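# Fold and geometry: a report
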Amino acid sequence: MSVSVVSSTKPGGAGVLRVRRTLRAVLPALSLILILLAIWHLNARAISYFGLNLMLNLAVPVALATVGQMFVMASNDLDLSIGTFVGFIGCITATVLHDSPVLGIAIFAGCIVVYALLGALIYLRNLPSIVVTLGMFFVWQGLAILVLPKPGGHAPDWLKALMSLKTPYVPFPVMAAVVIGVVAYVGLMRTSYGAVLRGAGGNAVAVERAGWSMLKVKMILFGLAGFCGVLAGMALIGLTTSADANLGNGYTLLSIAGAILGGGEFTGGRVSPIGSVIGALTLTLAGSLLNFMHISPDWQVAAQGGILIVVLAARVLINRAGSAA
Amino acid sequence: MRRVIYALLATTAVALASGPARADTKDMRIAFSNNYAGNSWRQAMLKSYGAVADKAVQDKIIGAADVFTTSDKEVPTQAAQLQNLILQGYNAIVINAASPEALNGAVKQACDAGIVVVSFDGIVTEPCAYRIRVDYRALAAKAMDYLATKLPKGGNLLEIRGVAGTSIDDDFHNGTLDGLKKYPQFKVVNSVEGDWDETTAQKAVSTVLPSLPEIVGVVDQGGDGYGAAQAFQNGGRKQPIIIMGNRQDELAWWVQQKKANGYETWSASSAPGVSTMAFWVAQQVLDGRKDIPHDLVDPYLAFTQDTVDAALPKIPVGGVATIEYSQDDAKKIIDDNMKK
């Protein structure tokens, strides 16, 4: 990975670079289209307003968690706690937010501050993010069980109504995905401070020499991840209508896989907001596809892993072809 | 003449009792959404379901009966699975749910799409779904009844609890409390957590045993009886009456002790074959029956001194006793429930 996003703005080799970047950018969308075609072939009526609504509504919280993960990955870190964090937010949504909205929102704000402080801790003490967030994984899970020792609670009515919104022509989950992708894209890729945030993962020393506070950058990136986690937890409860302390545990791996599938890298601050959203949609639809194919449940996990490997292999091939040219 | 009229009346009565013409279910499809397959109870559940559902398909009672197990125990995965089943146009979904509450959103979507949802074991609280439960409270009370007949003078009991915070553990415990109220000659002198697991139970019982007075009976929740017996044996104590829970190792130990020294006890648990009950309830609802209550109680499966010998060879080693319901069995259980 010799080419980082920051250095790509330099002139020289621009043509090759552009082709390669276009291919890389198109790859996630291509996998999504392939999966959609396969689903259409197996079960044509799934590709309809009703079908897309059903298949994709659970992708909305996944997409939000994935974008959250992407912000953390932009600074070369990983957030292993996002899954139980989403679960904890879900428990708060179904209990505190339902009964006293003001207190609920205050707790959410507090959670985002905790996330920003984690970013500060990781930066100041130079700790590996994996260790810190793995610890937080258990903290959030413990808090979730404290809030909701057994499954229950109710989603606020406005949230339920929002998540089951019947929008004209285009299903709500598709619209939500577009909005999430565009907002994250504009914020991170099209603003000047967004470039600084991305630079934190690409070349932190350069960013710091240029006079930007790396502490602030880390805190903002982690805070943004916390904000996305809050939205993901709320969206999830809007769909399930009721909470369970273990609701979000699977989201840690899903969010990492989604971000990688969407064109992100573990190092170098290379992330793609729109790709991440597409990655989340692809992973969700892959589950539907495997279900429609009546694949034995024993093989479903392996099949999902297989899709990841195929896409990543394609990406490596594109990178190689690019370097050869 | 009178006799003829009676005969006519009788035929009419029979015709009325069998109800209006039923919808035909031979083209309808039932899906089974299962969230976990990783222990002996769940394996037995899937096996029973497969046997009964496949036969129903062969007999052309049902068009198709497919089984879907989620790859992890996560709620969102099962919610997505339910939505995919809705899209595939199944007429009914039988479900063992990952969460009693958090799948309600997806279950409601299925109901709204006109799909019959029948939950069992891991039930869902969404009112539109059917729920088949086992009355563990009655089971535990029945165990106390048994102890009272065997030990009219009463004595000290040891209680082994299940996984804390679950409704099943709560039900068992309340049933035991009911029995203690009814038979004040019994006293629970200690209570340990066995988590329905023989090893955990053995460890827990061994730890407290030296400090306990003579124990005449062990009230437990199944999956822990064999472990308790091992603990009593290793501690050099006289074997009390240990209530068993239909696991193969428990019943095998019981039969062996029975042969050796005439040991007596009683065993009961929920049968994994309750999945087949759920299948038939779904079929009956699809068949146009509107009178089935949404909350059904499935009788537990019990073995006595006389029935245990015959039952043991049928249970696979490491497995649990089960029962596969026929359509008529299921109808009878539904009728019993409606009488209550």
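Everything that follows concerns the structure shown earlier in this document.
The notes below deal with the structure included here.

What counts, and where the lines are drawn
- Residues numbered from 1 in each chain as written.
- Chains lettered and ligands numbered in written order.
- Predicted model: local features only at pLDDT ≥ 70, side-chain atom pairs only at ≥ 80, totals over all residues.
- Heavy atoms only, no water.
- Helix = DSSP H or I, 4+ residues; strand = E, 2+ residues; numbered from the N terminus.
- Rg over C-alpha atoms; globule rule 2.2 N^0.38 Å.
- Buried < 20%, exposed > 50% of the residue type's maximum accessible area, 1.4 Å probe, protein only.
- Contact = heavy atoms within 4.5 Å.
- Areas by Shrake-Rupley, 256 points an atom, 1.4 Å probe, with all protein chains shown as cover.
- Lys, Arg positive; Asp, Glu negative; His and termini not counted.
- Charge placed at Lys NZ, Arg CZ, Asp CG, Glu CD.
- Patch = residues over 30% accessible without salt bridge, like charges linked within 9 Å, V, L, I, M, F, W, Y side chains within 5 Å.
- Salt bridge = Lys/Arg side-chain N within 4 Å of Asp/Glu carboxyl O.
- Pairing = 2+ DSSP bridges.
- Axes fitted to C-alpha atoms, helices over the stretch in contact; angles between N-to-C directions.
- Buried area = accessible area lost by both parts, 1.4 Å probe.
- Polar contact = N/O pair within 3.5 Å; in protein donor to acceptor, adjacent residues only side chain to side chain.
- Nonpolar A, V, L, I, M, F, W, Y, C, P; charged D, E, K, R; others polar.
- Disulfide = S-S within 2.5 Å.

This paragraph deals with the overall build of chain A. Scanning chain A from N- to C-terminus turns up 14 helices and zero strands. Since a compact globule built from 325 residues should have a radius of gyration of about 20 Å, the 20 Å found for chain A is in line with a globular shape. The principal-axis extents of the C-alpha atoms in chain A amount to approximately 60 × 50 × 40 Å. Here chain A, with 325 residues, has 52% of them falling under the buried criterion. Residue pairs at least 24 apart in sequence account for 78% of intrachain contacts in chain A once pairs closer than 6 positions are excluded. Entry remark: accessible area of chain A is about 14300 Å², with carbon and sulfur atoms responsible for 72%. Within chain A, one finds 18 positive and 8 negative side-chain charges whose respective centroids are separated by 15 Å.

Next up on the list: a nonpolar patch on the surface. Together, Ile 33, Leu 34, Leu 37, Trp 40 and Ile 47 of chain A line one region of the surface with nonpolar side chains, adding up to about 510 Å² of accessible area. By the element assignment, Trp 40 of chain A lies in helix α1 (residues 14-42).

All right, on to the sheet that holds strand β9 (residues 241-242) of chain B then. Residues and elements named next belong to chain B. With respect to topology, four strands assemble into an open sheet ordered β7-β6-β8-β9, the strand pairing being parallel. Each of the sheet's edge strands pairs with one partner strand only, and the pair in question is β7 (186-193) and β9. Seen against the sheet, helix α7 (residues 198-208) touches β6 (155-161) and β7 and runs at an angle of roughly 125 degrees to β7.

Contact with chain B, which involves 26 residues of that partner, is made by 31 residues of chain A. Carbon and sulfur atoms supply 59% of the area that chain B and chain A bury against each other, a total of about 2200 Å² over both sides. On inspection of chain B and its partner chain A, the count reaches seven residue pairs in polar contact (both at pLDDT 80 or more). Among the elements of the structure, β2 (64-69), α3 (75-87) and α4 (104-112) of chain B are those that each provide at least two residues to the side of chain B that touches chain A. When residues of the side of chain B that touches chain A are assigned to their parent elements, the largest contribution, ten residues, is made by α3 of chain B. Among the residues forming the side of chain B that touches chain A, the class breakdown is twelve nonpolar, eleven polar and three charged.

Another aspect to go through is the sheet that holds strand β1 (residues 29-34) of chain B. All names here are of chain B. With respect to topology, six strands assemble into an open sheet ordered β2-β1-β3-β4-β5-β11, the strand pairing being parallel. The open sheet has two free edges, formed respectively by β2 and β11 (295-298), since each of these has just one partner strand. Going from strand to strand, the sheet's axes swing by 20 degrees on average, the running direction of each strand aside. Of the strand pairs in this sheet, strand β3 (residues 92-96) and strand β4 (residues 116-120) are connected by four bridges, and their pairing is parallel. By the bridge assignment, Val 94 is partnered in β4 with Val 118. Against the sheet, helix α2 (residues 40-58) contacts β1, β2, β3 and β4, and its axis sits at roughly 175 degrees relative to β1.

Turning to the state of the cysteines, a few remarks are in order. Enumeration according to the criterion identifies one disulfide over all chains in this entry. Sulfur-sulfur distance for the disulfide between Cys 111 of chain B and Cys 128 of chain B comes to 2.0 Å. In this structure the cystine formed by Cys 111 of chain B and Cys 128 of chain B twists about its S-S bond by roughly 80 degrees; its chirality is therefore right-handed. Of this pair, Cys 111 of chain B sits in helix α4 while Cys 128 of chain B sits in the loop between β4 and β5 (130-134), placing them 17 residues apart in sequence. With relative accessibility at 23%, the residue Cys 128 of chain B sits in the partly exposed group. No disulfide involves Cys 91 of chain A; its sulfur sits 12 Å from the nearest other cysteine sulfur, which is in Cys 111 of chain A. Residue classification places Cys 91 of chain A among the buried positions, given a relative accessible area of 0%. No disulfide involves Cys 228 of chain A; its nearest neighbouring cysteine sulfur is the one of Cys 111 of chain A, lying 14 Å away.

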